[in-house]
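# Architecture and fold: a report
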Amino acid sequence: MNYELVIGLETHVELDTKSKIFCSCGGHSSPKEPNDCVCPACSGMPGMLPIMNKRVVELAVTAGLMLNCEISRYTTFDKKNYYYPDLPCSYQTTQLNHPICTNGCVTLNTSLGNRDIRIKQIHMEEDAGKLVHEGKSSFVDFNRTSVPLIEIVTQPDFRTAEEVLAYLNKLKSMFRSGGVSECEEGAMRCDVNISVRPEGSEEYGVRTEIKNMSSFEAIDRAIRYEAQRHMDALEFGTEELVQETRRFDDISGKTFAMRNKETEADYRYFPDANIMPIIIDDEWLEQIKATKPVAVDEKADAYRAAGISEKEIEMLIYNSNISKLLDDVVALGCNAKDTATWILTDCAGVLRKDGKTLGDLSVTAEKLAAIIKMVDSGSVNRNAGKKILIAVVEDGVDPIAYCKENALDRKVDASAIEEIIDKVLSENPRALEDYKNGKEKAKQALFGACMKELKGAGNPAVIKEVLENKLNNC
Amino acid sequence: MKYYATRILEKGNIAVDDTILVKDVPATAGSRILENFKPLFSAEAVLRLENKDYTIAGKTHVGEFGLDLCGEFSYYSEKDENLYGAAAQLIANGDVKAALGVDMNGSTRRAAALSNVCFLKPTYGTVSRYGVISCAASGEQIGVYAKNVDSVSEIMSVIAGHDEKDGTSLKNERYNYSTYIPVSAKRVCVVKELLEKADEKTRARVSSFVESLRANGVTVDEISLDFFDIANVAWQILMTAETCNNVSRYDGVKYGHRAKEYKNIDELYTNTRTEGFNFLTKAVILYGSDVLSKNRYDECYGKSLKVRRVIAERFEELMKNYDAVLTPVCSATAYESYDIHQAFEKVFAEGVFTSVANLIGTPALVSNGVQLLGKHFDESTLLSLAGVVERKGE
């Protein structure tokens, strides 16, 4: 029998704010040593009250706008109760009843064509701390407690692991370009809800949830493993599937049960009386909209209009650093299509030789623009341009200085060109004779010989002119 | 040391109850669970008083987390030592000018009534809760004990006002705590149902207060009102739920008491909390967990939130005809010593007089052993009404 995979995602993303969600301690990128960024509030001491960080609301709304959500004008916080040493208050402040964004949608471009994934909601919440185990002792690091998160919950609309990865890559690139989050290692974590049903069936199968994965590779492997486990159970009765929470073990590549529904904790959610409801009025919403960057889809359209290929657009869209480099080079006066080739083919080629990827590219827009302009104006040829590019990418040299030092410049002086031409003419008497006898082709051969002798230096138009003058005066 | 949990200065003029933080002075809320906890900062109300050159005389004992009748069950004092409330007794003895107490489930108001001193629980959001060892955030407020309404007014004028460190603090900068506004045209109602719940001596106190008011031209009606019981039930549900949540941070991991014996993290939690909380707090935690549990939430907590809205409307409606409601504060003029296993039921029963003000955030003033309930921000009417009665007695 053929089976269909049904997947829904809950994705936690750490927001790039200067301070934590309810106190003035530094945000997620600040801490160096354990418990560096901790105050009485985020370590759960009595007497402290949460003060809402406005920036968190703005970034959550920005994320909601990018995912085409309805923005709640009235949003509130709730407390979720559970005991764990990394949770200093023994409750997490989160949103249950009035989340900040609802009913969104994101379009994915995959091998199945365009697919719409519905976003159920986005809510704001605080992160927990970290436990550090050393020998028989355990230590708590509260640096991460109360770092702001958004959790993006989708409907069960994914059908393949490929779609899940496309979605996560799209979120990552959108959030980077929107200043919502840099989505660094560990700053984006996923819970995957997965079930399998016979193809064509309307009913959902038994659902399991794989918790807390942060690497895309692990997510991919976990989905494939779990899907196979479900299918084996349905097809061969290898085991009875139960609704439960599982974790993915990176080493064995398998998932293991953590707890099942019957024994699952009751989180006893209730409204947080210390945080007044947040009202997002028209003025505030317009302000946030005004700072929202161009959406990914709009950007893709712009690249398409500039003649960039679909394959290249995909590479650009999912790599916001690279698309920013492209935009910057274009802003310096270069052609978008050519620039895309320079970056995605030439730079990528240089990096690949060194076992690196485009993610490692550190060339500045100014240097890249300088090379492209030299080639475009004809002052160096494309091969010379590539040589300069290698030096720039590998050693970070200044392209113009490097070009001069290595005589890649075509601006060789006219007397040098004349010298070479005289030499070529004296070494090729037959060709010269043929030309004099009216064979136009011989001129091409002589020109080629000159170019060879000059090793690509010199402006071809100038060489051609000097050569013609010489031939006519012979 | 009978009344003081921690003495700071020999000659301070303000006492602070032990649920309010004073920097570097141990604060326990009367509970073993906060044994040796030293706060890193002072409550905003304390800072404001110190800025105006008031001095803190010391911290007074409170019943564990202020959950008992009036301070009788503190881990740090002998049982029954504070059956009249430690802070209220210091005022009655004339040891300090005023004291701060957290009004959460009526213990402060009952202590004031039994000790025959004044206590004002102001409108919710007027005094910053920054630095309060919080239990029921949605209804607790710092209030002021003093010998007379003028001293209450003086201290309130210092501590009230917006504080950006408290998200529930109202934006108003100034409040009116005048004790001398004219009262002759005021109308006060006495609630029949509440009088019936009080003993004869208490009813006599109410009667004598009514006579004084009438002698000053105040109109006093006895009326029938049915919402005090339901307001009490709603507040007890919200209060136990919020308290259960707020004391869950006391787990032995970070500060305060930690059990000596444990084999793993679950035992650390269980043993610490078993040793750290008294029977009453444990009862509150159990009731609070129950009303928040998934299958009980809608009929308990969710419903109480709706009741809160309805009662606020009913009270507002009532206050179109009256300027204040006069009620007893306790069912008796003194409590007999009792066992802690009866505490939850006893406090619940007495809450019928006090809970409505916490539920809907309105002000309540205790004076001469009776209570005046008023409209939001209308403390001055309550203070002035009590003022004419007080000054007549002088």
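Residues numbered from 1 in each chain as written. Chains lettered and ligands numbered in written order. Predicted model: local features only at pLDDT ≥ 70, side-chain atom pairs only at ≥ 80, totals over all residues.

Let us look at the overall build of chain A. Assigned secondary structure in chain A consists of 15 helices and 16 strands. The C-alpha atoms of chain A give a radius of gyration of 31 Å, which is well past the 23 Å a tight globule of 474 residues would have. With the C-alpha coordinates aligned to their principal axes, the bounding extent of chain A is approximately 100 × 60 × 55 Å. For chain A, the residues scored as buried account for 38% of the 474 residues in total. For chain A, long-range pairs separated by at least 24 residues make up 67% of all intrachain contacts whose partners lie at least 6 apart in sequence. (Helix = DSSP H or I, 4+ residues; strand = E, 2+ residues; numbered from the N terminus. Rg over C-alpha atoms; globule rule 2.2 N^0.38 Å. Buried ≥ 20, exposed ≤ 12 C-beta atoms within 10 Å, placed from the backbone. Contact = placed C-beta atoms within 7 Å.)

This part covers the nonpolar core. One recurring pattern in soluble globular proteins: nonpolar side chains tend to sit buried together. Of all hydrophobic cores here, the largest spans 188 residues; its most connected members are B:I14, B:A99 and B:Y145. Sequence-distant contacts of B:Y145, that is, excluding residues within four places in its chain, are made with B:A87, B:A88, B:I91, B:A98, B:A99, B:G101, B:A112, B:V117, B:C118 and B:F119. Counting residues in each nonpolar core, the second largest holds 29 residues, with A:C334, A:I343, A:I388 and A:L389 among its members. (Core = buried A, V, L, I, M, F, W, Y, C linked by C-beta atoms within 7 Å.)

Right, let's talk about the packing of helix α7 (residues 320-331) of chain A against helix α9 (residues 365-376) of chain A for a bit. Residue and element names in this part refer to chain A. With their axes 9 Å apart at the nearest point, α7 and α9 run at an angle of 55 degrees to one another. In terms of axis orientation, α7 runs oblique to α9. In terms of crossing hand, the pair formed by α7 and α9 is right-handed. Between α7, through L325, D328 and V329, and α9, the contact on the second element is made entirely by A365, L368, A369 and I372. In terms of residue class, the contact of α7 with α9 is built from 6 nonpolar, no polar and 1 charged. (Axes fitted to C-alpha atoms, helices over the stretch in contact; angles between N-to-C directions. Parallel < 35°, antiparallel > 145°, perpendicular 65-115°, else oblique. Left-handed = near helix turned anticlockwise from the far one by under 90°. Nonpolar A, V, L, I, M, F, W, Y, C, P; charged D, E, K, R; others polar.)

Residues and elements named next belong to chain A. According to the domain assignment, chain A consists of domain 1 (3-284), domain 2 (297-402) and domain 3 (414-473). If you average the C-alpha positions of domain 1 and of domain 2, the two centres end up 36 Å apart. Across the contact, 5 residues belong to domain 1 and 5 residues belong to domain 2. The element best represented in the side of domain 1 that touches domain 2 is helix α2 (residues 161-177), accounting for 4 residues. Of the residues contributing to the side of domain 1 that touches domain 2, the split by class is no nonpolar, 4 polar and 1 charged. (Domains from an automatic or database assignment.)

On to helix α6 (residues 310-317) of chain A, then. All of the buried residues in α6(A) are A:I313, A:L316 and A:I317. Angular distribution of buried residues about the axis of α6(A) spans 95 degrees; they occupy a single face of the element. (Arc of directions from axis to C-beta.)

Right, let's talk about unusual backbone geometry for a bit. Residues and elements named next belong to chain B. Residue N116 is not a glycine yet carries a positive backbone phi of 55 degrees. On the secondary structure map, N116 appears in the loop between α3 (107-115) and β5 (118-121). The phi dihedral of N368 falls on the positive side, at around 50 degrees, and the residue is not glycine. In this structure, N368 sits in the loop between β10 (364-367) and β11 (370-373). Among the residues examined, N368 registers 19 C-beta atoms within 10 Å and is labelled partly exposed.

Residues and elements named next belong to chain B. Ordered in space as β1-β3-β2-β4-β6-β5-β10-β11-β9-β7-β8, the 11 strands form an open sheet in which the pairing is mixed. Every other strand in the sheet has two partners, leaving β1 (4-7) and β8 (219-223) as the edge strands with one partner each. With direction set aside, neighbouring strand axes in the sheet form an average angle of 25 degrees. By the bridge criterion, 3 bridges tie β1 to strand β3 (residues 56-60) in an arrangement that is antiparallel. Bridge pairing links R7 to G58 in β3. Across the face of the sheet, α3 comes into contact with β4 (98-103), β5, β6 (141-146), β10 and β11 while running at roughly 160 degrees to β5. With respect to the sheet, helix α4 (residues 149-159) is in contact with β4, β5, β6 and β10, its orientation differing from that of β6 by roughly 145 degrees. (Pairing = 2+ DSSP bridges.)

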